[in-house]
Amino acid sequence: MVLVRAAALHNVGKVVLWQSLCNLSKPEVCRMPCEVKPRFVVLYGSQKGQAQSIAEGIAEEAEGHGLIAELSCLNQNEKYNLEKENAPVVFIVSTTGDGEPPDNALQFVKRIKKKTLPNDHYKHLCYALLALGDTNYANFCNCGKTIERHLQELGAKQFYATGYADDGVGLEVVVDPWLEGLWKAIKAALSKMASDRTAPSKGGVGDSPKETPDSYTPDVQLNLLSLGDHQNCESIKTSVNTDSKYASAASSSASATQTAVSELRPASPAGSLGLASQSRGTASISTSAPETQTQDAGFPHLTLAGSLTCSLPPLSESSLNVPALPPPYLDVSLQDVGTMKQIVGQFNKETVHEVPINRALQLTSGDSVKTALLLELDISAYPTMAYQPGDSFDVFCPNKATEVDGMLHRLGLQDQRNDHVHVSLKKDNKKKGAQVPSYIPQNISLLYLLTWCLEIRSVPKKAFLRALVEHTGDSVQRRRLQELCSKQGGADYNQYVRDPSLSVLELLTAFPSCQPPLSLLIEHLPKLQPRPYSAASSCLKHPGKVHFVFNVVEFPACSGRPAGRRGLCTGWLFDLINPGLVFPGKAECSGSLTLPKIHVSLRPNCSFRPPSDLSVPFIMVGPGTGVAPFIGFLQQRENERQENPDAVFGETWLFFGCRHRDRDYLFREELEGFVCSGTLSHLKVCFSRDDQEQEEGKEVATSVSQPRYVQHNLLLNSQHVTEILLKQNGYLYVCGDAKNMAKDVNDTLIEMIKTELQVDQLEAMKTLAGLREQKRYLQDIWG
């Protein structure tokens, strides 16, 4: 008899004593549980949590693949050492701003960009990289590309093809297949690295595992697999039956529905985060489609329409591959503390300040499609908030009170809204690197938590939908949630959840049998983020004041949202200032209603600034509210011209566009005044809807002869624009919509360069990329 004491098993959180009879003459029967599992490193850089979530998922899944993952953020220098790392390294990084690294990856990127590092600095390093980005923005996946380029320049070798995931179409399109192939690639890399280390001295004892990774297959203990938090299945058969019980129809109606588990697979080298995992105590399932009666019930043939809660064939008849169940890791309790004082806002007093709103003006006329508002804030009490043109201000807004109340009712906690919330880690949680969210302060009420801490308007991720399945009683609704989080249901998820920006509360309202605990929301909902707005003024012209402009965002009704709603921050600001709002053509009253205060912080943008050399020409492209930062640019230029009358100033161009000249031509009088004073050399405007109304019923061309959009006016002035950019070392600034305008402007610039320089597409793209690298083509755009 052989007694073996195993290392601590992460999936059960305690040391297990293994005892078995081994026939030593049959080594394939005796696998020693005490063998050191191969390790690899996972490093992430994340701005909003998506890259971190993927990295954490990889780390959690590693155990099920017989591996150990060491997870660290790129700014945790004390936890990893790439200079001496001899295991595979997996990077998961996002991109923020104008192609910048996330805040927690900035220092790492600076380190690897040092020119003093030798070319073989990382020759020992073996890496894979998944980059997250959004093609609606410039410099797609730029942080990932930058890291990869410098790693390779320093000698690092890639063991798995880099993935570039696009949030513009759905990250999972790239992320899911990339993760599927990752495990086989890691094991192959480990095998090669182990062979390289042991090749010079056969039979030597080292740190490498005795089994090669390609042949290393983890023992799959089927009795550890579970399809739900509350179920401890004793066998695969029990797991299937239990899940079927929860998924089967409870109704005896003619359209009875049944959901069954048709496939349950253990982890394999080719698996993904959606496959079974011992370490997470979960199993990926393939569920068969509900069996529904159609014409047999005597009903006529109808063309059915899909919706958030109803799917159509082939999805409704497909087997599904759903993600593994995210492990719960938080304990949440509520304590009645009587009349607990409500915390109004726990902000960083060094950077976040409460400032009064001085004025609120509506810039568009009443019949405009969009409502544009200008707010003037008094920041004179805070000298540290002195700003430069191009900077932005973060506005801290709460969740809408009616939606917070709706969430409380939906959770059945409306009578406990003033209770103290205590959040702690589960003692035996299985989440790698689990921690209580840092944005949840101590000594807060449930009402404060839902009002100021959690983004209850956030679009639920697929992992959240997978977790909600376990708390859904109705079989039809349970199946539909499984569809929405499955690989097969990706198109439905995009159409009914992601694209319409469906909120968590709207989703829960559509699935009434889903009763999630509060802890699940805290685990899956992100931090309520402040909203940035560009400064539309210069402190040289408005000392102690800052202006910003915004359109009141409107989300239309959709499947899952019976009535439209306003954007969170813009809707909140509109409600705040509406009583004192000054409308176009009406004079401001000196004794007007006092407006409330709001919390803001300065967000500097050191790159999106006018040229420091006054003689350098620059071009501004800003349709709609995208013109906001350029008002600050021009106000500053006007002041500089007054103070330096003998200086030589470069040309300034502004390309502005809107729907109608007489409804939404923002800052018209001020812009025309800049032209008259010589501050603005050229003002090019276009109106996309005026010609259409004038020529109603006629086919209207969109050629450059009738400029409708800013890119058309750019083409009309192609020679001047390209000369400024390519011969006079001028600057180009673009501000506004990322999804359409910024892309169209970028494509137009490429065409202009092709024509003016007589070069091909690739050469034109390289030229434009060169302007970006020189920081002479700059964007401040949003989705």
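Scroll up to find the structure this text is about.
Worth saying up front: this structure is predicted, and the values here are computed from it rather than measured. (Residues numbered from 1 in each chain as written. Predicted model: local features only at pLDDT ≥ 70, side-chain atom pairs only at ≥ 80, totals over all residues. Heavy atoms only, no water.)

Looking at the pairing of strand 14 (residues 392-396)
Burial runs high along strand 14: 5 of the 5 residues are buried. The side-chain alternation of strand 14 yields two buried faces, one formed by Ser392, Asp394 and Phe396 and the other by Phe393 and Val395. Alignment of strand 14 against strand 16 (residues 531-534), held across 4 bridges, turns out to be antiparallel. Its bridge partner being in strand 16, Phe393 is matched across the sheet by Tyr533. Across 5 bridges, strand 14 lies against strand 20 (residues 597-603) in antiparallel orientation. If you follow Phe393 over to strand 20, its bridge partner there is Leu602. (Buried < 20%, exposed > 50% of the residue type's maximum accessible area, 1.4 Å probe, protein only. Helix = DSSP H or I, 4+ residues; strand = E, 2+ residues; numbered from the N terminus. Pairing = 2+ DSSP bridges.)

Re the packing of helix 19 (residues 738-757) against helix 20 (residues 761-773)
One way to put it is that helix 19 packs onto helix 20 with a least axis distance of 9 Å and a crossing angle of 115°. Crossing geometry of helix 19 relative to helix 20 is assigned as right-handed. Facing helix 19, whose interface residues are Asn746, Leu749, Ile750, Glu751, Ile753 and Lys754, helix 20 presents Gln761, Ala764, Met765, Thr767, Leu768 and Arg772. When the residues that make up the contact of helix 19 with helix 20 are grouped by side-chain class, the tally is 6 nonpolar, 3 polar and 3 charged. (Axes fitted to C-alpha atoms, helices over the stretch in contact; angles between N-to-C directions. Left-handed = near helix turned anticlockwise from the far one by under 90°. Contact = heavy atoms within 4.5 Å. Nonpolar A, V, L, I, M, F, W, Y, C, P; charged D, E, K, R; others polar.)

Comments concerning the packing of aromatic side chains
For the structure shown, the criterion picks out 18 aromatic pairs. For the ring pair Phe633 and Tyr733, a centre distance of 5.2 Å and an interplane angle of 85° mean the geometry is edge-to-face. Here Phe633 is found in helix 14 (residues 628-643), whereas its partner Tyr733 is found in strand 24 (residues 731-737), with 100 residues between them in sequence. In terms of burial, Phe633 and Tyr733 fall into one category: buried. Each residue in the set Phe608, Phe618, Phe630, Phe633, Tyr731 and Tyr733 is aromatic and connected to the rest through ring pairs, giving one cluster. (Phe/Tyr/Trp six-rings, centres within 6.5 Å; stacked < 30°, edge-to-face > 60°.)

Focus on the nonpolar core
Ranked by internal contacts, the top residues of the largest apolar core, which has 47 residues, are Met407, Leu449 and Leu468. Mapped onto this core, the elements with two or more residues apiece are helix 6 (401-411), strand 15 (420-425), helix 7 (446-453), helix 8 (462-469), helix 9 (475-485), helix 10 (490-498), helix 11 (504-510) and helix 12 (518-524). Those residues within four positions of Leu449 in sequence are excluded, and the remaining contacts are Val421, Ile440, Ile444, Leu454, Leu518 and Ile522. With 33 residues, the next largest nonpolar core counts Phe40, Leu71, Ile92 and Ala189 among its residues. (Core = buried A, V, L, I, M, F, W, Y, C linked by side-chain atoms within 4.5 Å.)

Some details on helix 14
Residues separated by three or four positions in an α-helix point in the same direction, a consequence of the helix having 3.6 residues per turn. With 16 residues, helix 14 ought to run about 22 Å at 1.5 Å a step, and its terminal C-alpha atoms sit 24 Å apart, in line with that. For helix 14, the buried fraction is high: 13 of the 16 residues fall into the buried class. (Expected span 1.5 Å × (residues − 1).)

A closer look at the sheet that holds strand 21 (residues 618-621)
The strands making up a sheet are joined through hydrogen bonds of the backbone, oriented either antiparallel or parallel. Taken together, 5 strands build an open sheet; the order of strands is 23-22-21-24-25 and the sheet is parallel. Only two strands of the sheet have a single neighbouring strand rather than two, namely strand 23 (682-687) and strand 25 (777-782). Mean inter-strand twist for the sheet, computed between neighbouring axes without regard to direction, equals 10°. Each of strand 21, strand 22 (652-658) and strand 24 is contacted by helix 14, which is oriented at about 150° to strand 21, the strand it contacts most.

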